Every structure is written in structure tokens, then in C-alpha cells.
Amino acid sequence: MQNDKVQIFDTTLRDGEQVPGCKLDTTQKLIIAERLDFLGVDVIEAGFPVSSPGDFASVHEISKIVKNATVCGLTRAVKKDIEVAAEALKYAVKPRIHTGIGTSDSHIKYKFNSSQSEVIRRGKEAVSYAKNFVDDVEFYAEDAGRTENAFLAKVCEEMIQSGATVLNIPDTTGYCLPEEYGAKIKYLKENVKGIENVILSCHCHNDLGLATANSIAGVINGARQIECTINGIGERAGNTALEEVVMILKQHPYLNLQTDINTKLLYDTSMMVRESMGMPVQPNKAIVGANAFAHSSGIHQDGVIKNRETYEIMNPLDVGVTESAIVLTARSGRAALAYRSKNIGYELTKIQLDSAYQLFLKVADTQKEVIDEDLHRLMKEVNKISKIIIS
């Protein structure tokens with residue numbers, strides 16, 4: 001793999017579907033999987049096959065239709081899980097088994113009542129067993145974010161020796177700071193024998209709102225796969241948002257990192273997922289939120305009207321949004337009123353604009369937003385004072 005390519009591992013259909021109330025049926029999963037393949041993701045984590053007959057069927061059917069991406073099935077470090085995943089993936093052009101075990105002191109003591117050596121043994125056994133079914137085996141060190149670096153390095157080295165092709169370093173609880181997570185990836189790059197032969201992967205959760213920042217810190221320090229979901233959906237506060245990391249890498253070319261994502265499909269894909277899962281996206285969500293390219297402050301509106309780049313670092317067309325929105329509120333200025341009026345057919349002189357603006361403020365102070373219908377009524381009032389040129 002080229003050194004500047006960051007693989008996008010999408011887990012919308014696995015980790016994303018773990019959100020309460022977001023259950024999808026197989027037909028819905030197939031539609032989303034086809035879109036993800038078309039979007040350009042490198043890996044689609046299609047589900048956790050052993051968890052239910054429905055999940056098995058979904059992974060099985062997705063494996064049949066995906067033409068370009070690797071199709072991945074999640075397992076625990078349990079032979080039965082691995083066997084079931086292998087069966088579900090048997091029609092995949094590029095199958096991957098994703099297996100692993102918790103590595104933090106908390107997981108080893110309280111979740112497994114075990115020891116570090118036993119966890120390593122179980123991980124090695126799982127990776128080796130998975131290699132009997134597929135060439136591509138990803139190992140996850142669950143709660144790696146809270147795992148001591150020296151032990152994590154030892155785990156990684158053992159998994160490489162057992163045949164792992166990808167090492168997933170999850171910040172499972174979303175606890176790490178970006179500097180800390182980036183340093184962890186850097187430590188592994190510098191201290192694990194054979195690390196140059198595998199891909200390090202970032203799987204970050206958003207409990208403290210740091211999932212995207214941590215993932216970017218990870219790839220800056222040598223990781224070459226980001227595990228993420230559309231709209232950042234996922235367990236608890238969610239996962240790294242695919243659209244965010246992709247656009248960060250696109251907008252910062254000096255990082256010399258790139259993805260194969262067709263960014264013009266991001267907004268439509270976001271809409272597809274939110275409608276299928278019934279999971280609304282907050283209006284101020286980066287990249288795909290309703291307000292991501294909307295301007296209501298008069299100072300911002302005037303700047304954007306004169307030159308979009310004064311307040312927009314991205315062209316909305318690059319993510320599939322048709323245009324920036326100039327939203328009329330009590331905070332809007334004359335420039336915005338003239339702009340919106342012209343868009344619906346009214347050419348105002350300076351005197352007409354002054355009259356219209358005074359009437360506009362009276363309306364704007366009584367409602368959250370002034371829409372086109374309001375403007376038409378307002379222009380009728382202005383027209384009584386001075387004839388407006390209608391284009």
C-alpha cells in the first residue's frame with residue numbers, strides 16, 4: 001500500500017448499528033453496503049455474524065454484492081465465532097476476519113479475571129485459527145487506549161508473528177487525548193518488531209468529543225487505517241465520523257495523506273443513513289449538518305456573498321451540498337436581504353433596500369427565520385412606496 005494512502009474502514013453496519021433503536025434489516029443493510037462500496041471505502045465491517053441469525057444473513061448477503069471493498073466480519077477470540085464469520089464471508093471477493101481481545105488492566109482483571117500472558121495466548125490462538133480461513137486477519141486490542149504501551153507493544157508483536165495483517169488500536173472508551181493517542185501509535189511504530197509489515201488502525205470513540213482528533217493524530221503518527229461510521233453514529237457517544245476525517249485530510253494537503261473517498265457523495269450518504277436508521281443529525285454537525293454551510297450573522301453573510309472563502313474553508317459542492325445558505329434572521333444585514341431578494345426576483349435600489357430593511361427587521365424580531373414567502377409580502381409593502389424592478 002502506498003505510504004500516503006489512509007484506508008477507510010467503515011463500521012456503520014456493525015458498530016453504528018449498535019445504537020439503541022437503529023436496527024436495520026438485511027435489505028436496508030444491502031442498500032447501505034452498496035452505497036459504501038460506491039463511496040470508495042476500503043473496508044466494510046458488515047456485522048458480527050455469530051451474534052444472531054439476522055447478522056449472519058446480512059454479512060453473508062453483503063459478501064455477495066460488494067465488488068470493490070474488503071468485507072469484514074467481527075468476532076471475539078473464540079473459535080466458534082471465527083468459524084461462523086468465515087462461513088458468512090465465504091462469497092466475499094476480499095474477506096477479512098476481525099478478531100481480538102481486551103488488553104487493558106481493567107479488562108484483564110474485571111472482564112476476563114485473567115492475566116496478561118493468558119490474554120496474549122488467547123489472542124495468538126484466535127489470529128492463527130482465523131488464518132486457516134482467510135489471508136487478511138485484523139486483530140483488535142480492545143481498550144488499547146488505556147493499555148500500558150510496553151505491554152501493548154508486546155501484544156502487537158505476538159499478533160504479527162501469528163499472522164495478523166492489521167492491528168487495531170482502539171480508544172474504546174474515548175478517554176485518550178490526541179497527543180496521548182498519537183504518541184501511542186508512534187511508540188508502536190518505533191518499538192514493535194515487524195510493524196512495517198502490517199497496517200496500524202485507529203478505532204476511536206467519542207465519549208469526550210475527541211474521536212476525530214484522535215484518529216487524525218493516529219494517522220499523522222503512522223497509522224494507515226481509520227475505523228469510522230457515517231455521521232459518527234455508534235456505541236454511547238458514537239465513533240469517529242467518516243465525513244470528518246476524510247475532509248480533514250482533503251483540506252490539509254500538507255499532511256500528504258489521502259483517501260479514495262468520493263467526497264461529493266458524502267451528504268447523500270449521510271441522508272441515506274439517517275433516514276434508514278431514524279437517527280437525526282444535529283444541525284451543527286460538521287460537514288453534513290443542516291447548518292454546516294448556513295450563515296445567519298450579518299457580518300458573515302456579507303463576507304460570504306463577496307467571497308465564499310471568507311467564512312467557508314470547504315466548497316459545499318465538494319461534499320455534495322448544492323450551495324451555501326444565507327438564512328435571514330434578526331442578525332442579518334442589508335447585504336443578505338438584497339441577496340435573498342434578488343434570488344427571488346427583486347432588484348432593489350439603495351433607497352428601496354433601506355425601506356425594505358426597516359420592514360424586514362420588524363418581521364425578523366417576531367420569528368426565528370424570514371423565509372421567501374415573508375419576503376414576497378414584504379416586497380409588496382415596499383412596492384407601495386417605490387416601484388421595484390422585478391427580474
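Residues numbered from 1 in each chain as written. Predicted model: local features only at pLDDT ≥ 70, side-chain atom pairs only at ≥ 80, totals over all residues. Heavy atoms only, no water.

Points about the pairing of strand β6 (residues 166-171)
Here is the rule: Think of it in three bands: residues with accessible area under 20% of the maximum for their type are buried, residues over 50% are exposed, and the middle band is partly exposed, with areas taken using a 1.4 Å probe on protein chains only. Each helix corresponds to a stretch of at least 4 residues labelled H or I by DSSP, and each strand to a stretch of at least 2 residues labelled E; elements are numbered beginning at the N terminus. Each pair of strands is called paired provided DSSP finds at least two bridges between the two strands. Looking down the strands as they point away from you, a crossover is right-handed if its path from the first strand over the helix to the second goes clockwise.
Counting buried positions over the six residues of β6 gives six, a clear majority of the element. Residue alternation in β6 divides its side chains into two sets, Val166, Asn168 and Pro170 and Leu167, Ile169 and Asp171, and both sets are buried. One ladder, built from three bridges, connects strand β5 (residues 136-142) with β6; its direction is parallel. By the bridge assignment for β6, Glu138 is matched with Val166. In this fold, the crossover linking β5 to β6 by way of helix α6 (residues 149-162) has right-handed handedness.

Looking at the packing of helix α8 (residues 211-220) against helix α9 (residues 242-251)
What counts, and what does not: Interaxial angles span 0 to 180 degrees and are taken between N-to-C directions of axes, which are lines fitted to C-alpha atoms, for helices over the stretch in contact. Each angle gets one of four labels, with under 35 degrees taken as roughly parallel, over 145 as roughly antiparallel, 65 to 115 as roughly perpendicular, and the rest as oblique. Rotating anticlockwise by less than a right angle from the far helix to the near helix defines a left-handed crossing, while the corresponding clockwise rotation defines a right-handed one. A contact between two residues is defined here by any heavy atoms of the two lying within 4.5 Å. Each residue receives one of three labels: charged for Asp, Glu, Lys and Arg, nonpolar for Ala, Val, Leu, Ile, Met, Phe, Trp, Tyr, Cys and Pro, and polar for the others, Gly being one of them.
It is the contact of α8 with α9, at a shortest axis distance of 10 Å, that shows an interaxial angle of 45°. It follows that α8 is oblique to α9 by the angle criterion. Crossing of α8 over α9 shows right-handed handedness. Between α8 and α9, the contacting residues are Thr212, Ser215, Ile216 and Val219 on the first element and Glu244, Val245, Ile248 and Leu249 on the second. Its residues assigned to classes, the contact of α8 with α9 shows five nonpolar, two polar and one charged.

Details of α9
Helical periodicity: at 3.6 residues per turn, an α-helix aligns residues three or four positions apart in one direction. Burial runs high along α9: seven of the ten residues are buried. Of the positions making up α9, those classed as buried are Leu242, Glu243, Glu244, Val245, Val246, Met247 and Leu249. Contacts from the buried residues of α9 go to β1 (7-10), α1 (26-39), α8, β8 (225-228) and α10 (266-277).

Some words on the packing of aromatic side chains
To be explicit about the condition: Each pair of aromatic rings taken from Phe, Tyr and Trp, with Trp reduced to its six-membered ring, is defined by centres within 6.5 Å and is described as stacked if the planes are under 30 degrees apart, edge-to-face if over 60, and tilted in the remaining cases. Put simply, a charge is over a ring when the Lys NZ or the Arg CZ is close to the ring centre, within 6 Å, and near the line of the ring normal, within 35 degrees.
All told, the structure shown has two aromatic pairs when counted by the stated rule. When the ring of Tyr129 is compared with that of Phe133, the centres are 5.3 Å apart and the planes differ by 80°; the resulting orientation is edge-to-face. Its relative accessible area of 18% is what places Tyr129 among the buried residues. Stacked on the ring of Tyr129, the Lys or Arg Lys79 has its end atom at 5.0 Å from the ring centre. Directly above the ring of Phe112 sits Arg122, whose terminal nitrogen or CZ lies 5.3 Å from the centroid.

Some points on the domain arrangement of the protein
For clarity, the cut-off: For each domain, the first and last residues come from an automatic or database assignment. In short, buried area is how much 1.4 Å probe accessible area vanishes from two parts on joining, totalled over both. Whenever a carboxyl oxygen of Asp or Glu lies within 4 Å of a side-chain nitrogen of Lys or Arg, that contact is scored as a salt bridge. Any pair of nitrogen or oxygen atoms within 3.5 Å is treated as a polar contact; in protein, a donor-acceptor pairing is required on top of that, and neighbouring residues in sequence qualify only through side-chain atoms on both sides.
Segmentation of the protein into domains returns domain 1 (7-277) and domain 2 (294-390). Between domain 1 and domain 2, the contact holds seven residues from the first and seven residues from the second. A combined buried area of about 590 Å² lies between domain 1 and domain 2, and 56% of that area is made up of carbon and sulfur atoms. When the area that domain 1 buries against domain 2 is broken down by residue, the three leading residues are Gln251, Lys264 and Tyr267, summing to 63%. Counting every contact that joins domain 1 to domain 2 gives one salt bridge. Among the salt bridges present, the one from Lys264 reaches Asp318, with a minimum N-O distance of 3.9 Å. Viewed at the interface, domain 2 and domain 1 are joined by four residue pairs in polar contact (both at pLDDT 80 or more). For the side of domain 1 that touches domain 2, the elements supplying multiple residues, two or more each, are α9 and α10. Ranked by residue count, the leading element in the side of domain 1 that touches domain 2 is α9, at three residues. Of the residues contributing to the side of domain 1 that touches domain 2, the split by class is three nonpolar, two polar and two charged.

Some points on the pairing of β5
In terms of burial, β5 is largely enclosed, as six of its seven residues are buried. For strand β4 (residues 95-102) and β5, the ladder comprises seven bridges, and the chain directions are parallel. By the bridge assignment, Ile101 is partnered in β5 with Ala141.

Looking at the sheet that holds strand β3 (residues 70-74)
An order of β1-β2-β3-β4-β5-β6-β7-β8 is seen for the eight strands of this closed barrel, with the pairing classed as parallel. The mean inter-strand angle of the sheet, taken between neighbouring strand axes irrespective of direction, is 25°. Two elements, strand β2 (residues 43-47) and β3, share four bridges in a ladder whose sense is parallel. Among the inter-strand pairings, Ile44 is bridged to a residue of β3, identified as Val71.

Notes on unusual backbone geometry
With a phi close to 65°, Asn231 is a non-glycine residue in the positive phi region. Structurally, the position occupied by Asn231 is in the loop between β8 and α9. Classification of Asn231 by relative accessible area gives buried; the value is 10%. Even without being glycine, Ile287 reaches a positive phi, approximately 75°. Turning to its location among the elements, Ile287 is positioned in the loop between α10 and β9 (294-295). Residue classification places Ile287 among the buried positions, given a relative accessible area of 9%.

Quick notes on the side chain of Arg35
In plain terms, the rule: Charged residues are defined here as Lys and Arg on the positive side and Asp and Glu on the negative side; His and the ends of the chain fall outside this count.
In this structure, Arg35 sits in helix α1. Buried Arg35, no salt bridge; nearest opposite-charge side chain is Asp268, N-O distance 5.1 Å. In terms of polar contacts, Arg35 uses its side chain to reach the side chain of Thr269, at 3.0 Å.

Focus on the pattern of salt bridges
All told, the structure shown has 32 salt bridges when counted by the stated rule. Two residues, Lys111 and Glu142, come together in a salt bridge whose shortest N-O distance is 2.9 Å. With a gap of 31 residues between them, Lys111 in helix α4 (residues 105-111) and Glu142 in strand β5 connect regions that are remote in the sequence. Taking relative accessible area as the criterion, Glu142 reaches 21% and is therefore assigned partly exposed. The salt bridge involving Arg236 is made with Asp207; its shortest N-O contact spans 2.7 Å. One end of the pair, Arg236, is in the loop between β8 and α9; the other, Asp207, is in the loop between β7 (199-204) and α8, and 29 residues separate them in sequence. Residues joined in a network through salt bridges with shared partners are Glu17, Lys23, Lys29 and Asp55.

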